[in-house]
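Breakdown of the fold
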Amino acid sequence: MADACILVGGTAAVRLITLNRPAALNSFTAEMHSLLLPALNAAADDAAVRAVVITGAGRGFCAGQDLNDPAMADNADVGGVIERFYRPLALRLRSMPVPVIAAVNGVAAGAGANFALCCDMVVAARGASFIQAFSKIGLVPDCGGTWLLPRLVGRARALGLAMTGDKLAAEEAQRIGLIWQCVDDAVLMDSAMALANRMAAMPSKAIAETRRVLDAALAMDFGDALALEAGAQRELGAAPDFAEGVAAFLAKRPAVFKDR
Ligand code: T3D
């Protein structure tokens, strides 16, 4: 189904999901949402999958909401669109049992930018850019942008990006800590897949727990964060991956992690 608006591929361990509406810069339609969330759920439910990579076909990553989609136009309640599509999508990404890497190949605008930022690590091509396009059409950042932006880059930069809607080049996005890494365009997919393969060989449960406790600790005082850490270590410390990690270290051999 090469013409489907979501393509699913990759290897047994690394699921590759490609947004595939290149003529409209992979902007989100209702149809695309109806395929994207199930594709993420399928990756989450497949015990063989240990990392997910998301990218876009053509010259863009994702231009956010398709402003022409008749399925959305019928719904005058923009908040309803957010509740129906973007909230479940953002929550799904932030609760995946395996790491999710956004391979941002081109422009990421509006909900497309924040969809990328919901992923655990963003690797972007040097030619890519990030645009909080919302203010230009009379909206506020969504798909987690209000929560993510100030935490990633601080309030001053978050407000600057969101109020102006200015384009931020990938290199600058890396410099200010909005994304993990900016690489040359020609090596984007190799870099993202190499990172995903590295993540796939790591203890998935600990990686997913790392995301959970870091996110939760942001809303806690120091003492509560210490208690949260203790609880997570108690659980992980009793799991086979910890025993394997320590045994492999002591035996000076590569670890083979299986928990998920
Ligand atoms: O219901 C709701 O709306 C709530 C949900 C809100 C969530 C959101 O994401 S709101 C933000 C929506 N996104 C935008 O406002 C971004 C709009 N796009 C742009 O500003 C520009 O396209 C870009 C800066 C992203 C890229 O500019 P450029 O010059 O590289 O490309 P272009 O020529 O503007 O776009 C290429 C084609 O993609 C063009 O189609 P055409 O003329 O060749 O037939 C353009 O219309 C189409 N396209 C780009 N973005 C969208 C889009 N079509 C529909 N919706 C889009 N968002």
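Residues numbered from 1 in each chain as written. Predicted model: local features only at pLDDT ≥ 70, side-chain atom pairs only at ≥ 80, totals over all residues. Heavy atoms only, no water.

**Looking at the pattern of salt bridges**
Considering all chains together, one arrives at eleven salt bridges under this definition. Note that Asp184 and Arg126 form a salt bridge whose closest N and O atoms lie 2.8 Å from each other. Here Asp184, found in the loop between strand 10 (181-183) and helix 8 (188-200), pairs with Arg126, found in the loop between strand 7 (121-125) and strand 8 (129-131); they are 58 residues apart in sequence, far enough to count as distant. On the basis of relative accessible area, Arg126 is assigned to the partly exposed category, the value being 34%. (Salt bridge = Lys/Arg side-chain N within 4 Å of Asp/Glu carboxyl O. Helix = DSSP H or I, 4+ residues; strand = E, 2+ residues; numbered from the N terminus. Buried < 20%, exposed > 50% of the residue type's maximum accessible area, 1.4 Å probe, protein only.)

**Some points on the pairing of strand 2 (residues 14-19)**
Two faces belong to every sheet, and in a regular strand the side chains alternate between them. Here strand 2 lies mainly inside the structure; six of its six residues are buried. Here strand 2 shows two buried faces, one formed by Val14, Leu16 and Thr18 and the other by Arg15, Ile17 and Leu19. The sheet contact formed by strand 1 (residues 6-10) and strand 2 spans five bridges and is antiparallel. For Val8, the partnering residue across the bridge sits in strand 2 and is Ile17. Summarising the sheet, strand 2 and strand 3 (residues 51-56) pair through six bridges and their orientation is parallel. When the bridges of strand 3 are listed, Leu19 appears paired with Gly56. (Pairing = 2+ DSSP bridges.)

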